Amino acid sequence: MTKLENIIDLNAYPIHKIQSLKYKELVNKTKKELNRIGCCVIPNFIREESINRMKQEAERNLNKVHWTKDKHNPYFTKDDETLPKDHPKRIFTVRESGYLNSDDLEEDSDLNHLHYSDEMLKFVSDCLDVYPLYKWADPLGKNPYSIMHPGHYFPWHFDGNEFTLSLLVQKAEKGGIFEYSPELRSKDNENYENVTKVLRGDRNPVKSLDLDPGDLQIFKGRFSMHRVTKIEGNRSRYIALPCYVKDPYRVNKPEHSKQVYGKAMPIHYERENIEVDGLSD
Ligand SMILES: O=C(O)CCC(=O)C(=O)O
Ligand SMILES: [Fe+2]
């Protein structure tokens, strides 16, 4: 089994030593960034060898990737003809991308070990100042790889889970930039007006991040609308996405799961009707 020290650069980032000054400084810096811009980047967090193992895992399993080319709104819901035409739930954009779903990862995968890790959970919880925080239970979406080939595009959307880490495994030659609009909606306010503006091209609330392989990003994907710009050049983009939630019971809605991960499983239907946070999914 791969040890955490072989995945994370624990010398630079001692997330296993929560009493150390270095840990406290790291958490404080990260927390500040998250509060200021709704997202944070910790450079070279993942060791190069681990990134290489993740790349190999993704490439060994490319035949299992679920590819989609379809249209969705930012909420992954079906069209609702009772709403006005300019409502963001009625604005659909084509997505073309693939996922190597969590249930198709190799048991000994570095990505699995990272997501299983209680040290990691504690660290993410401290950075977000969210207690308790849980590893997401969704069997498909809890820690997938997103795979995008040249020409692919992942349009504006909100995630079904609250918090996501992204670890870039392979960078596109050009494009494939993560763009986000920090905390565009909140638990109490869908902010449909500004969501529509961003969908129509307003760049004012939009920030972008040019990640490098090995960087760790933490972002609030349920509240910050985000997208990945079109992949240009010849190289595919691979990114690992371990996810965390406030409610250990929640999973994606069946429709969301089908649209993104290609299928819905019994757990998605069993938990479909539990009250989560009232936001559009
Ligand atoms: O690929 C990324 O950087 C983000 C992917 C994403 O937003 C998602 O999979 O929901
Ligand atoms: Fe997302």
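Now for a description of the structure that goes with this document. (Residues numbered from 1 in each chain as written. Chains lettered and ligands numbered in written order. Predicted model: local features only at pLDDT ≥ 70, side-chain atom pairs only at ≥ 80, totals over all residues. Heavy atoms only, no water.)

Observations regarding helix H5 (residues 192–199)
Next up, step 1: For H5, every residue scored as buried is listed here: Val195, Thr196, Val198 and Leu199. Relative to the axis of H5, the buried residues are bounded by an arc of 160° and lie together on one face.
Next up, step 2: Buried residues along H5 sit in contact with strand E6 (154–157), strand E9 (178–181) and strand E12 (225–228).
Next up, step 3: Two residues or fewer after H5 comes glycine 201, characterised by a positive phi angle close to 110°. (Buried < 20%, exposed > 50% of the residue type's maximum accessible area, 1.4 Å probe, protein only. Helix = DSSP H or I, 4+ residues; strand = E, 2+ residues; numbered from the N terminus. Arc of directions from axis to C-beta. Contact = heavy atoms within 4.5 Å.)

Section: the coordination of the iron ion (ligand 2)
Next up, step 1: Those donors, His157 (NE2), Asp159 (OD) and His226 (NE2), are the protein atoms that reach the iron ion (ligand 2), and they lie 2.1 Å from it.
Next up, step 2: Summarised as a motif, the one-chain spacing of the donors to the iron ion (ligand 2) is H-x1-D-x66-H. Residues histidine 157 and aspartate 159 agree in their burial class; the two are buried. (Donors = N, O, S within 2.8 Å, 3.2 Å for Na, K, Ca; no water.)

A few points about the site of ligand 1
Next up, step 1: Around ligand 1, the neighbouring residues are Tyr99, Phe154, His157, Asp159, Phe178, His226, Val228, Arg237, Ile239 and Leu241.
Next up, step 2: Between an oxygen atom of ligand 1 and a side-chain N or O atom of histidine 157, the distance comes to 3.0 Å.
Next up, step 3: Coverage of ligand 1 by the protein amounts to 95% of the 290 Å² it exposes when considered alone.
Next up, step 4: Those elements giving two or more residues to the shell around ligand 1 turn out to be E6, E12 and strand E14 (237–240).
Next up, step 5: Taken together, the residues of the shell around ligand 1 break down into six nonpolar, two polar and two charged. (Near = heavy atom within 4 Å. Polar contact = N/O pair within 3.5 Å; in protein donor to acceptor, adjacent residues only side chain to side chain. Areas by Shrake-Rupley, 256 points an atom, 1.4 Å probe, with all protein chains shown as cover. Nonpolar A, V, L, I, M, F, W, Y, C, P; charged D, E, K, R; others polar.)

Brief notes about the environment of valine 198
Next up, step 1: Here valine 198 shows up in helix H5.
Next up, step 2: The spatial distance from the C-alpha of valine 198 to the C-alpha of leucine 184 is 9.6 Å, given a sequence separation of 14 residues.
Next up, step 3: Those residues within four positions of valine 198 in sequence are excluded, and the remaining contacts are Trp156, Ser181, Leu184, Pro205, Val206 and Met225.

As for the sheet that holds strand E10 (residues 207–209)
Next up, step 1: An order of E6-E12-E9-E10 is seen for the four strands of this open sheet, with the pairing classed as antiparallel. Every other strand in the sheet has two partners, leaving E6 and E10 as the edge strands with one partner each. Strand-to-strand twist of the sheet, defined as the mean angle between neighbouring strand axes without regard to direction, takes the value 15°.
Next up, step 2: In the packing of H5 onto the sheet, the strands contacted are E6, E9 and E12, and the crossing angle to E12 comes to about 15°. (Pairing = 2+ DSSP bridges. Axes fitted to C-alpha atoms, helices over the stretch in contact; angles between N-to-C directions.)

Observations regarding unusual backbone geometry
Next up, step 1: Following tyrosine 131, the chain continues to proline 132 via a peptide bond in cis, the omega torsion being -10°.
Next up, step 2: Within the secondary structure, proline 132 sits in the loop between helix H4 (118–128) and strand E4 (134–135).
Next up, step 3: A positive phi angle, near 50°, is found at asparagine 191, a position not held by glycine.
Next up, step 4: Within the secondary structure, asparagine 191 is located in the loop between E9 and H5.

A short note on the pattern of salt bridges
Next up, step 1: Scanning the entire structure with this criterion turns up 18 salt bridges.
Next up, step 2: Between lysine 122 and aspartate 126 there is a salt bridge, with its nearest N and O atoms 3.1 Å apart. Here the residue lysine 122 and the residue aspartate 126 both occupy positions in helix H4, the gap between them amounting to four residues, near one helical turn.
Next up, step 3: Exposure remark for lysine 122: the relative accessible area of 34% places this residue in the partly exposed category.
Next up, step 4: Aspartate 212 is the salt-bridge partner of lysine 171, the closest N and O atoms lying 2.8 Å from each other. You can see lysine 171 sitting in the loop between strand E7 (163–170) and strand E8 (174–175) and its partner aspartate 212 sitting in the loop between E10 and strand E11 (216–219), a full 41 residues away along the chain.
Next up, step 5: For aspartate 212, a relative accessible area of 36% gives the class partly exposed.
Next up, step 6: Taken together, the salt bridges that share partners define one network made up of Lys171, Asp210 and Asp212. (Salt bridge = Lys/Arg side-chain N within 4 Å of Asp/Glu carboxyl O.)

Side note on the environment of methionine 120
Next up, step 1: Structurally, the position occupied by methionine 120 is in helix H4.
Next up, step 2: Sequence separation between methionine 120 and leucine 105 is 15 residues; the distance between their C-alpha atoms is 19 Å.

Let's talk about the environment of tyrosine 192
Next up, step 1: Following the sequence through the fold, tyrosine 192 ends up in helix H5.
Next up, step 2: According to the relative accessible area criterion, tyrosine 192 is partly exposed, its value standing at 25%.
Next up, step 3: Once residues within four sequence positions are removed from consideration, tyrosine 192 is found in contact with Tyr75, His87, Pro88, Lys89 and Ser280.

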